[in-house]
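# Structural overview
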Amino acid sequence: MNPWNLPDLGIGVGLRTVHFNHILERRPDVDWFEVLSENFMDTGGRALWVLDRVVERYPVALHGVSLSIGGTDPLDREYLRKLKALAARTRAHWVSDHLCWTGVAGRNVHDLLPMPYNEEALRHTVGRVRQVSEVLERPLVLENPSSYVEFATSTMSEWDFLSRLAVEADCGLLLDVNNVYVSSFNHGFDPRVYIDAVPADRVVQYHVAGHTNKGTHILDTHSDHAVKEVWELYRRSCRRTGNVATLYEWDDAIPDFDVVLAEARKARAYREAPAAPARRVARGA
Amino acid sequence: MAPEVPLDRLQRWMQKVVVHPGRVGEAVAAAARSLRPARLDDVILPSRTLTAAQRLSIYQNMYPLRMEDALEADYPALKRFLGDEAFGRLVRDYVAAFPSRSYTLNRLGDQLPEFVRTTAALRHRGFCHDLARLELAMTEVYDEVETPPLSPEAVAAVPPERWATLRLRPIAALRLLAVRHPVNAYFDSIRRRRARPPRPRREAGWLVVFRRDYGVRRLELSRPAYGLLSDVAAGQPLGEAVTAAVRRKGRGAPGEAQLYRWFRQWMGSGLFMGLEGLEPSANRL
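Residues numbered from 1 in each chain as written. Chains lettered and ligands numbered in written order. Predicted model: local features only at pLDDT ≥ 70, side-chain atom pairs only at ≥ 80, totals over all residues. Heavy atoms only, no water.

## Things to note about the interface of chain B and chain A
- Across the boundary between the two partners, chain B contributes 43 residues, which contact 49 residues of chain A.
- Summed over both sides, the interface between chain B and chain A buries roughly 4,100 Å², with carbon and sulfur atoms accounting for 57% of that surface.
- Summed over the shared surface of chain B and chain A, the result is two salt bridges.
- A:E150 is the salt-bridge partner of B:R55, the closest N and O atoms lying 3.1 Å from each other.
- There are 29 residue pairs in polar contact (both at pLDDT 80 or more) connecting chain B and chain A.
- When residues of the side of chain B that touches chain A are traced back to their parent elements, those giving at least two are α1 (7-19), α3 (40-43), α4 (52-74) and α8 (125-143) of chain B.
- Of the residues that constitute the side of chain B that touches chain A, the class distribution is 24 nonpolar, eight polar and eleven charged. (Contact = heavy atoms within 4.5 Å. Buried area = accessible area lost by both parts, 1.4 Å probe. Salt bridge = Lys/Arg side-chain N within 4 Å of Asp/Glu carboxyl O. Polar contact = N/O pair within 3.5 Å; in protein donor to acceptor, adjacent residues only side chain to side chain. Helix = DSSP H or I, 4+ residues; strand = E, 2+ residues; numbered from the N terminus. Nonpolar A, V, L, I, M, F, W, Y, C, P; charged D, E, K, R; others polar.)

## Details of the environment of A:V132
Residue and element names in this part refer to chain A.
- Along the polypeptide, V132 turns up in helix α4 (residues 119-136).
- For V132, a relative accessible area of 0% gives the class buried.
- Put simply, V132 and L67 are 65 residues apart on the chain and 9.2 Å apart in space, counted from C-alpha to C-alpha.
- Not counting chain neighbours up to four residues away, the residues in contact with V132 comprise L67, I69, L75, L80 and L140. (Buried < 20%, exposed > 50% of the residue type's maximum accessible area, 1.4 Å probe, protein only.)

## Description of the confidence of the model for chain B
Residues and elements named next belong to chain B.
- Scored by pLDDT, chain B has a mean of 92; 95% of the residues are at 70 or more.
- Predicted confidence is poor over residues 281-285, with pLDDT under 50, and the contacts of this stretch with residues over four places away or in other chains come to seven contacts.
- We note a pTM of 0.93 for the whole complex and an ipTM of 0.93 for its interfaces. (pLDDT = per-residue confidence, 0-100.)

## Describing the packing of aromatic side chains
All names here are of chain A.
- Inspection of every chain in the model, using the stated rule, returns 23 aromatic pairs over all chains.
- Judged by centre distance (6.2 Å) and plane angle (45°), the ring pair of F33 and F257 falls under tilted. Placement of F33 in strand β2 (residues 32-36) and of F257 in helix α9 (residues 257-265) is noted, with a sequence separation of 224 residues between them. An identical accessibility class is assigned to F33 and F257; each is buried.
- An aromatic cluster of at least three residues, connected via ring pairs, comprises Y206, W231, Y234, Y248, W250 and Y270. (Phe/Tyr/Trp six-rings, centres within 6.5 Å; stacked < 30°, edge-to-face > 60°.)

## Observations regarding the sheet that holds strand β2 (residues 174-179) of chain B
Residues and elements named next belong to chain B.
- Read across the open sheet, the three strands follow the order β2-β3-β4; overall the sheet is antiparallel. Each of the sheet's edge strands pairs with one partner strand only, and the pair in question is β2 and β4 (215-221). Each neighbouring strand pair of the sheet contributes to a mean axis angle of 20°, computed without reference to strand direction.
- By the bridge criterion, seven bridges tie strand β3 (residues 205-212) to β4 in an arrangement that is antiparallel. From the neighbouring strand, R212 faces β4, where its bridge partner is G215.
- Lying on the sheet, α8 is in contact with β2, β3 and β4; it crosses β2 at an angle near 175°. (Pairing = 2+ DSSP bridges. Axes fitted to C-alpha atoms, helices over the stretch in contact; angles between N-to-C directions.)

## Description of the packing of helix α3 (residues 77-90) of chain A against α4(A)
Residues and elements named next belong to chain A.
- Direction vectors running N to C along α3 and α4 enclose 45°, while the axes themselves pass 9 Å from each other. Regarding the angle of α3 to α4, the classification is oblique. Crossing of α3 over α4 shows right-handed handedness. Between α3, through R77, L80, L83 and K84, and α4, the contact on the second element is made entirely by Q131, V132, V135 and L136.
- Of the residues that constitute the contact of α3 with α4, the class distribution is five nonpolar, one polar and two charged. (Parallel < 35°, antiparallel > 145°, perpendicular 65-115°, else oblique. Left-handed = near helix turned anticlockwise from the far one by under 90°.)

## Describing empty space enclosed by the protein
- Under the defined criterion, the tally for this structure stands at one cavity of 30 Å³ or more.
- A:V13, A:G14, A:R16, A:Y248, A:E249, A:W250 and A:V260 together form the lining of the largest cavity. (1 Å grid on protein atoms, 1.4 Å probe; cavity = no way out; pocket = protein on both sides within 12 Å on 5 of 7 lines; lining within 4 Å. Points joined across faces, edges and corners; volume = space filled by probe spheres on them.)

## Considerations on the nonpolar core
- Ranked by internal contacts, the top residues of the largest apolar core, which has 146 residues, are A:F33, A:Y234, B:W13, B:M14 and B:L78.
- It is α8(B) that contributes the most residues to this core, nine residues altogether.
- The two domains that each donate at least three residues to this core are domain 1 (7-123) and domain 2 (141-282) of chain B.
- With residues near it in sequence (within four places) discarded, A:Y234 still touches A:I11, A:V177, A:Y206, A:V208, A:T246, A:A267, A:Y270 and A:R271.
- Among the nonpolar cores identified, the runner-up in size contains 27 residues, and B:L150, B:L174, B:W262 and B:L275 belong to it. (Core = buried A, V, L, I, M, F, W, Y, C linked by side-chain atoms within 4.5 Å. Domains from an automatic or database assignment.)

## With respect to the domain arrangement of chain B
All names here are of chain B.
- Here the domain parsing of chain B yields domain 1 (7-123) and domain 2 (141-282).
- The distance between the C-alpha centroids of domain 1 and domain 2 comes to 40 Å.
- Counting residues at the interface gives five residues for domain 1 and five residues for domain 2.
- Summing both partners gives a buried area of about 500 Å² for domain 1 against domain 2, and 68% of it is carried by carbon and sulfur.
- Viewed at the interface, domain 2 and domain 1 are joined by zero salt bridges.
- Our count for the domain 1 to domain 2 interface comes out at one residue pair in polar contact (both at pLDDT 80 or more).
- Residue classes in the side of domain 1 that touches domain 2 are distributed as two nonpolar, one polar and two charged.

## Looking at the packing of α1(B) against α4(B)
All names here are of chain B.
- Relative to each other, α1 and α4 sit at 55°, their axes nearing to 7 Å. Considering the angle they form, α1 stands oblique to α4. Contacts between α1 and α4 involve W13, M14, V17, V18 and V19 on the former and, on the latter, L56, Y59, Q60 and Y63.
- Here the contact of α1 with α4 is composed, by residue class, of eight nonpolar, one polar and no charged.

## Digging into the sheet that holds strand β7 (residues 203-209) of chain A
All names here are of chain A.
- Taken in spatial order, the eight strands close into a barrel running β1-β2-β3-β4-β5-β6-β7-β10, and their pairing is parallel. Neighbouring strand axes in the sheet, compared pairwise and without regard to direction, differ in orientation by 30° on average.
- Here five bridges tie β7 to strand β10 (residues 245-249), and the two strands are oriented parallel to one another. Bridging from a neighbouring strand, H207 pairs with L247 of β10.

## Structural notes on helix α5 (residues 158-168) of chain A
Residue and element names in this part refer to chain A.
- Restricting attention to buried positions, one finds in α5 the residues E158, W159, F161, L162, S163, L165 and A166.
- The inward-facing, buried residues of α5 abut α4, β5 (140-143), β6 (172-176) and α7 (191-197).
- Just downstream of α5, D170 is the residue with a positive phi angle, here 55°.

Structure (structure tokens):
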């Protein structure tokens, strides 16, 4: 179990606009939903109304793309205020974002840009994670990114950086096993080494997703079923961490809800067999 | 040994490359000054299959696609009117002039109508400007805060002699538009997939864009109705607004029956959320 007793929410999927009607009308049997924070922070329209209906029935966790935890601009206090308010409104079990930066000099390129992995970047990021956790009054959870470049100025591996960050900043980890696979292909490392090195007790959530192999590199497109190698990495990691909340990401060419849910449920075959009768998780934190 | 590049300088350099509209070689050359004395190979490692520049180009290629996706979501009819190529050029020029400075892409297109108005090279610029204004109004209305409309009971409770001095407060999700081209009909034709959308001729029109039951609606108005609704929405006492509407129209002034039909339609559409100038108890009904 992680240091904060964050629960295993089971197998979830992302809450996406194209599935709103299906979810409201069919009330599908899914354990939990992951909510993209930025999609709901600045709207008072139907999206927020749907979210309010969803949190009445399902547990949720927030997942963001704009925190820019590795960025060198000051943290956006207005963003954090809205994020905290959304977390309270949805009774989110946790709030996650990515180990990346999204822009600098006041600009946002809306991409998850990679960090160099060295002492300067680690000190910088540790300090910012602590600030964010303090503002949110809860531990931040950070996801390992997919990346397409490696910096010559890196002095440690991504898994070493992530492991030290988790411990020194006292944050949780969202381990995206597809991202591990994508980056291992792009950078030429053994993904099993990465999986085996991550501090198991810090992992509070998994992502599994599909990708697009371009031959020379892999793009993290979230547009397909996951390949067997990714599922096997998930199995390997679950043996270390035990069962942890797992989410299937499908963000491009999104199929019917039942297709996404069926893909997500494959995770059951790769998880650890529960040692005891499955716990019921209270709706909301 | 390669020169160290501080994190802040590294991020500023990489951002310049990522947002550069040219080929990756041009982008790297244009950003080289902010990297000196380091060179590209001092900063980005090649992979087994890609050079450092090719790896960077993955991020650089994705940037315009992401911007176009975001703006297409808000301006689908404008894209349809301009065609893929011209819309792509417009997006490239627009984001160079108005890059995102927000954590959300929802506000990326806020300046697009004004940018269209001043883009001399654009075909049918006036039509495009009106179409962009309509689509921006729809986006704003979609996301506005929910403000429940006046109930029929609250309206019925107003003593007849009080109406002239009352002010009607509009719902937040309401925008009034005066246009010089048939953009509402064009938008309808695109949404209904009609084979022949109207030509971009000059034809004045007036409409109110509003949200009802979380759906965005458009209601075409006559010119006098638009004038009256604008005055009422701006906070003029009803008596003054009606008097002005009658005088504006001259000999063809709206009669009592016409005024009644307009207000009944506007009330029925839920365009107003409150009455000002009454005792507080009446507003609570």
